[in-house]
Amino acid sequence: FVSKNPKLYTDKFHYKKELNPETFNQEVLEINPDVIIVDSITYPFEILYANETNLNRTRQISKFIHQLRTLMKEQEFGVLLTTQISRVVNPKTGTSTKEPKGGQSLKHLSDIKASIAFPEQTGEDTPEDLRFMVIDRMIKKPFRIDFGGHITEDGGNNGKIKSNRT
């Protein structure tokens, strides 16, 4: 896309490698975007607050998310944030849950949560390239990433993994 139409790319896209929470609001006001995409919301905070505790970094992320939501509503633009999902084990109960890296504010302040999940079980009948798009933990759609990065919906078994039992 960039090489085929550099002027359109330059006019329509603004790319930055760094996210500075102190200057972010002003930069957004100057750019006046329709959509902001932040790939790995936790990464800039890991760099900025490298010598801080995880709890303080999480607080900084939460503060930024609150400011971003306010700005988003005032300026009427959309936001897509990505973060890693970690498996967290409750030490008292031993139960395991999947939680977004960066704290609970990411989970509670998101209007729509989408994740890409791998099959819970694998076996001979489970293709290696099978993934699931999970939206708000209510919709689970299987898909595959084909050669060249093309995504195709896999409706063959409706996302269910075949059992090896007879």
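The notes below deal with the structure included here. Think of each chain on its own: its residues are numbered from 1, step by step along the sequence as written. pLDDT decides what is reported in this predicted model: residues at 70 or higher carry local features, side-chain atom pairs at 80 or more are listed and counted, and totals for whole chains, interfaces and linings draw on all residues regardless. Side-chain numbers here rest on the full set of heavy atoms in the structure, without hydrogens or water.

1. Structural notes on the environment of Pro119
The secondary structure listing takes helices from DSSP runs of H or I that are at least 4 residues long and strands from runs of E that are at least 2 residues long, numbered from the N terminus. With respect to the secondary-structure elements, Pro119 resides in the loop between strand S5 (114-117) and strand S6 (130-135). As a C-alpha pair, Pro119 and Pro142 span 23 residues in sequence and 9.4 Å in three-dimensional space.

2. Thoughts on the side chain of Thr42
Within the secondary structure, Thr42 sits in helix H3 (residues 42-48). Ignoring sequence-local partners within four residues, the contact set of Thr42 consists of Ile61, Thr83, Lys101 and Gly102. Whether two residues are in contact is decided by their heavy atoms: any pair within 4.5 Å suffices.

3. Considering the sheet that holds strand S7 (residues 139-145)
When DSSP locates at least two bridges between a pair of strands, those strands are taken to pair. Overall, antiparallel pairing links the four strands, which are arranged S5-S6-S7-S8 in an open sheet. Pairing within the sheet leaves two strands with one partner each, and these edge strands are S5 and strand S8 (151-153). In this sheet, adjacent strand axes meet at a mean angle of 35° when their direction is disregarded. Summarising the sheet, S6 and S7 pair through six bridges and their orientation is antiparallel. Bridge assignment links Met133 to a residue of S7, and that residue is Lys141. Lines are fitted to the C-alpha atoms to define the axes, a helix being fitted only along its stretch in contact, and any angle between axes, read from their N-to-C directions, falls within 0 to 180 degrees.

4. Examining the pattern of salt bridges
By convention in these notes, a salt bridge is any Lys or Arg side-chain nitrogen within 4 Å of a carboxyl oxygen on Asp or Glu. Taken as a whole, this structure holds two salt bridges when the rule is applied. Linking Lys16 and Glu27 is a salt bridge whose minimum nitrogen-to-oxygen distance equals 3.6 Å. In this pair, Lys16 is assigned in the loop between helix H1 (6-12) and helix H2 (24-31) and Glu27 in helix H2, connecting sequence segments 11 residues apart. Here Lys101 ties to Glu46 by a salt bridge, and the two come within 2.9 Å at their closest N and O atoms. Taken as a pair, Lys101 in the loop between strand S4 (96-100) and helix H5 (104-108) and Glu46 in helix H3 lie far apart in primary sequence, 55 residues in all.

5. Some thoughts on the packing of aromatic side chains
Each pair of aromatic rings taken from Phe, Tyr and Trp, with Trp reduced to its six-membered ring, is defined by centres within 6.5 Å and is described as stacked if the planes are under 30 degrees apart, edge-to-face if over 60, and tilted in the remaining cases. Evaluation of the coordinates by the stated rule reveals three aromatic pairs. On the basis of an interplanar angle of 10° and a centroid distance of 6.3 Å, the ring pair of Phe45 and Tyr49 is categorised as stacked. Each residue's exposure class comes from its accessible area (1.4 Å probe, protein chains only) as a fraction of the maximum for that residue type: buried when under 20%, exposed when over 50%, partly exposed otherwise. For Tyr49, a relative accessible area of 16% corresponds to the buried category. One residue, Lys140, lies across the ring of Phe132, its end atom 4.5 Å from the ring centre. For a ring to carry a charge above it, either NZ of a lysine or CZ of an arginine must fall within 6 Å of the ring centroid while also lying within 35 degrees of the normal to the ring plane.

These values are about where atoms sit, not about what they do.
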